[in-house]
Amino acid sequence: MNSQETIKMPWSVQQTIEDLKLIKAHYQEVVRAANRDGKGEQDVEEVAFDFDRAIAALEKMENAVDSGYLEDWYINSVSQDDEPVWTESHIEELCNDFILIPKAVKK
């Protein structure tokens, strides 16, 4: 796969979020019913915490855009007469308009 291709998922991020919420509710019922060591409610809270973290990450991802989108946006937002450089105002506008998720850095 080259850098211009993207993988198309047969479902949306929103659908994954909704599915995780259903799985979370089911798993909480199972954990509550098992009530291991009398800590059922504590275990239910821990399940909620873990699922809620994953759901929050997906909600942020749903609003994210890829570098191609940002590049197109930047090219189309600068007039043809401007020198194409990143000024403080460009960076400020970018930070106000988008959620930026840094790429993972290989160590």
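Report follows, based on the coordinates. Bear in mind that the values here come from a model prediction, so they are computed numbers and not experimental data.

1. Quick look at the packing of aromatic side chains
No. 1: Counting across every chain of the model gives 1 aromatic pair.
No. 2: Measuring from centroid to centroid gives 6.5 Å for Tyr 27 and Phe 51, while their planes differ by 55°, and the two rings are tilted. With Tyr 27 in helix α1 (residues 13-34) and Phe 51 in helix α2 (residues 40-62), the pair connects residues that are 24 residues apart, well separated along the chain.
No. 3: Residue classification places Phe 51 among the buried residues on the basis of a relative accessible area of 17%.

2. Topic: the pattern of salt bridges
No. 1: All told, the structure shown has 3 salt bridges when counted by the stated rule.
No. 2: Residue Asp 52 is joined to Lys 24 by a salt bridge in which the shortest nitrogen-to-oxygen separation is 2.7 Å. Placement of Asp 52 in helix α2 and of Lys 24 in helix α1 is noted, with a sequence separation of 28 residues between them.
No. 3: Residue classification places Asp 52 among the partly exposed positions, given a relative accessible area of 37%.

3. Comments concerning the side chain of Lys 24
No. 1: Accessibility expressed as a relative area gives 17% for Lys 24, which makes it buried.
No. 2: Looking at Lys 24, its side chain comes within polar contact range of the side chain of Asp 52, at 2.7 Å.
No. 3: Among residues more than four places away in sequence, those in contact with Lys 24 are Val 47, Ala 48, Phe 51 and Asp 52.

Rules and cut-offs
Residues numbered from 1 in each chain as written. Predicted model: local features only at pLDDT ≥ 70, side-chain atom pairs only at ≥ 80, totals over all residues. Heavy atoms only, no water. Phe/Tyr/Trp six-rings, centres within 6.5 Å; stacked < 30°, edge-to-face > 60°. Helix = DSSP H or I, 4+ residues; strand = E, 2+ residues; numbered from the N terminus. Buried < 20%, exposed > 50% of the residue type's maximum accessible area, 1.4 Å probe, protein only. Salt bridge = Lys/Arg side-chain N within 4 Å of Asp/Glu carboxyl O. Polar contact = N/O pair within 3.5 Å; in protein donor to acceptor, adjacent residues only side chain to side chain. Contact = heavy atoms within 4.5 Å.

Distances and angles like these do not, on their own, reveal function.
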